[in-house]
Amino acid sequence: MRRTVMWFLLLWCLSIPQVSLAESAAKAEITGIRSGPFVDKGLGTNVMRYVFDVSRPVTAEGFVVVGGASSRLSVVIKDAVPAEGLGLEVEDEVVSRASSAVNSVGTQVMLELKQKISMNDFKVFTLPGNPQANKVFRVVVDINRNPNSAALDKQVEPVVQGPQLLQMRSYTHVDAVTGASKIRMVLDSSVPVVASASLSSTPLPRLLVDVKGAAPGKIDREYEFDSKIIDRAAIIPGPGGAGSRLIVDLPLMLESGDYKLFTLPADPKADKPFRVVLDIDKKLPPVQFTFTPGLANKVIVIDPGHGGSDPGAIGLGGLQEKTANLAVAMQTKALLQKAGAKVLLTRETDIDVYGPDASDVEELKSRTTIANNQKADVFISIHSNSSVNRDVSGTSTYFYQKTPYDVMLAQSIQQSLLQAGGLADRRVNSANFYVIKRTMMPAALIELAFLSNKNDEKLLGSPQFQQQMAQGIVRGLDKFFAQASKQGGEE
Ligand SMILES: [Zn+2]
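Residues numbered from 1 in each chain as written. Predicted model: local features only at pLDDT ≥ 70, side-chain atom pairs only at ≥ 80, totals over all residues. Heavy atoms only, no water.

Peer 1: Is there a simple way to explain unusual backbone geometry in this structure?
Peer 2: Leaving glycine out, the prevailing phi sign among residues is negative, and the prevailing peptide bond configuration is trans. Phi at Asp79 takes a positive value of approximately 55°, unusual for a residue other than glycine. Backbone geometry places Arg427, a non-glycine residue, at a positive phi of 70°. Structurally, Arg427 is set in strand 23 (residues 425–430). (Helix = DSSP H or I, 4+ residues; strand = E, 2+ residues; numbered from the N terminus.)

Peer 1: What is the right way to look at the coordination of the zinc ion in this model?
Peer 2: Ideal donor angles around a metal are set by the shape: a four-donor tetrahedron calls for 109.5 degrees, a six-donor octahedron for 90 or 180 degrees. On the protein side, the zinc ion has His306 (NE2), Glu321 (OE) and His383 (ND1) as donor atoms, found 2.1 to 2.2 Å from it. All donor residues of the zinc ion come from one chain, and their arrangement in sequence is H-x14-E-x61-H. Remark: His383 occurs in strand 21 (residues 378–385) and His306 occurs in the loop between strand 19 (299–304) and helix 3 (321–338); sequence separation between them is 77 residues. There is no split in this pair, since His306 and His383 are both buried. (Donors = N, O, S within 2.8 Å, 3.2 Å for Na, K, Ca; no water. Buried < 20%, exposed > 50% of the residue type's maximum accessible area, 1.4 Å probe, protein only.)

Peer 1: What should I look at first to understand helix 3 in this one?
Peer 2: The periodicity of an α-helix, 3.6 residues per turn, causes residues three or four places apart in sequence to face the same way. Taking 1.5 Å as the rise per residue, helix 3 with 18 residues should run 26 Å; its terminal C-alpha atoms sit 26 Å apart, in good agreement. Of all the positions in helix 3, only Glu321, Lys322, Ala324, Asn325, Leu326, Val328, Ala329, Gln331, Thr332, Lys333, Leu335 and Leu336 are classed as buried. At the C-terminal side of helix 3, Gly340 shows a positive phi close to 95°. (Expected span 1.5 Å × (residues − 1).)

Peer 1: Would you mind going over the nonpolar core with me for this structure?
Peer 2: One broad rule of soluble globular proteins: the nonpolar side chains tend to lie buried together. Formed by 53 residues in total, the largest nonpolar core has its most connected members in Ile300, Leu336, Leu477 and Phe480. In contact with Leu336, not counting residues within four places along its chain, are Leu295, Ile300, Ile302, Ala341, Val343, Val474 and Leu477. (Core = buried A, V, L, I, M, F, W, Y, C linked by side-chain atoms within 4.5 Å. Contact = heavy atoms within 4.5 Å.)

Rendered as C-alpha cells:
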C-alpha cells in the first residue's frame, strides 16, 4: 500500500514537468516572413524567394494544387505555429494572396499564384541557423518567375519516356610524378546526343554542360565530391525543359584549356552506350609565391564581413557589425590606393555578396571567388567580435596556414593593429574559417574589437578609430610585403 502511494506520487511529480515541456517544446514558432526576387545565374533560375524564419529546426514540404488558370502552392511547415501577431501580407508578381491555417501537422501556408505552375517550378528547402551570423533556422520557398509550360505538360505524365540519360560515372586520376589530378565524368545516354560546355564565374565558379537530345530520366540528380577539383555536381532538365544540364560546382574558376568535352559512340559489342565525357585537369595551385616589397601594384582583396540580410554581431548600443566592417574596409581601400595598390572589395555597399538568404557556404564562397579569380596577392577579411562576457575587449587576427605566408601576414597585421588601435592583444590564432581556408593566397581574418563591449562598440562606431584601424591594416600589409620579399630572397 505504502509502495503504491509512493509510485503514484513519483509518477505525478514526473508527469507535470513532462506535460508542460511537451507543450512548449512541441511547436516551433514562425517569427518572420520576407520575400524578394532571387537570381541564380549558374542554374539559370529566376525565382521569387519567400523566407520563413523559424525558432528551431523543422521540416517543410510543398504541394501544387492546379485549378483553372492559376495554381495554389500549399507549404506545410511541420510542428510550427505562427508567432503572435505575425502578419502574412504577400502580394507580388507571383503571389496574389497568402493565408495560413494551423492544424495538427503544423502551419499550412497557402500561396494563391497568378499563374499556373508545375511541380518543377518551385522548391521548398531549409537553411540551418547560424547564431554567429545572427541567422535563425529558415524555410525557403522558391517559385519560378517564368513558369515552364513544357514542364507543366510533362507533369501530367510523370513516367519518363523517350531518350534519357542512364547514369553518371566519375573517376579521379592522380599523376604519380607531377601530383596533378584529373577527373573524368561520363554521362551514359540511351541515344546519341549533342553536348556543349560553358564556364560561368558569377556568382560561383561553375562549368555547365548542356546535353541536347536526352532528358535526365531516372538518373541520380546530385553528386558530392571532395572539393579538390569539384565541389559537387547536379543534373537538372536543360533550359526550357529540353535535354539535360550538368552543373559542376568548382572550388576554383577554370580556364577554357582546363577541361575537355567530347562524345563517344555506342559500342554494342562491348556493351557500351553512347557517352558524353568531361575531363577536368586541375592546374596545381601556385605553391611558389614571390613577393616584392612595397604596396604599389599589389592586388589586394578586402572582404568587409557580413552585409545585406546578414548584420553580423549587433552591439548593445545597436551598432551592426556589417556597418563597422564596411567603414574600416572603405578607409583601408582609400589608403591602399593612395599607396598605388590595386584594391578590390567583395562589397562596397550594404549588400549580400551572393544574394539575400543564400546558404552560408554560397555567401562565403562568392567572396573567396572574387579573390581567387583576381589572383590577388593577399586577402583580408574584416570582422568585429562578440562575446557573452561584456568585459571582453581587444583585437585578434586569424589565419589558416595553407601557404608559407599566412601566419606571417596575420602576425604583421595584428602587431600594427595593436599599435594603431591600442586595444588589448587577443593574439594571432589559427582557425578553420572558410574565407581564409578557401582563398588560394595568404589570407587573414581580423576581429577589430568587441561589439559586446561598451567601450569597444563606441570605438567601432567612431570614424577616428575606424581610420586608425585602417592605417594599422595598411602598415601591417606594407611590413608583410617587406618581410615576405626578404624570405623569398634568402631561400
Ligand atoms: Zn563577423
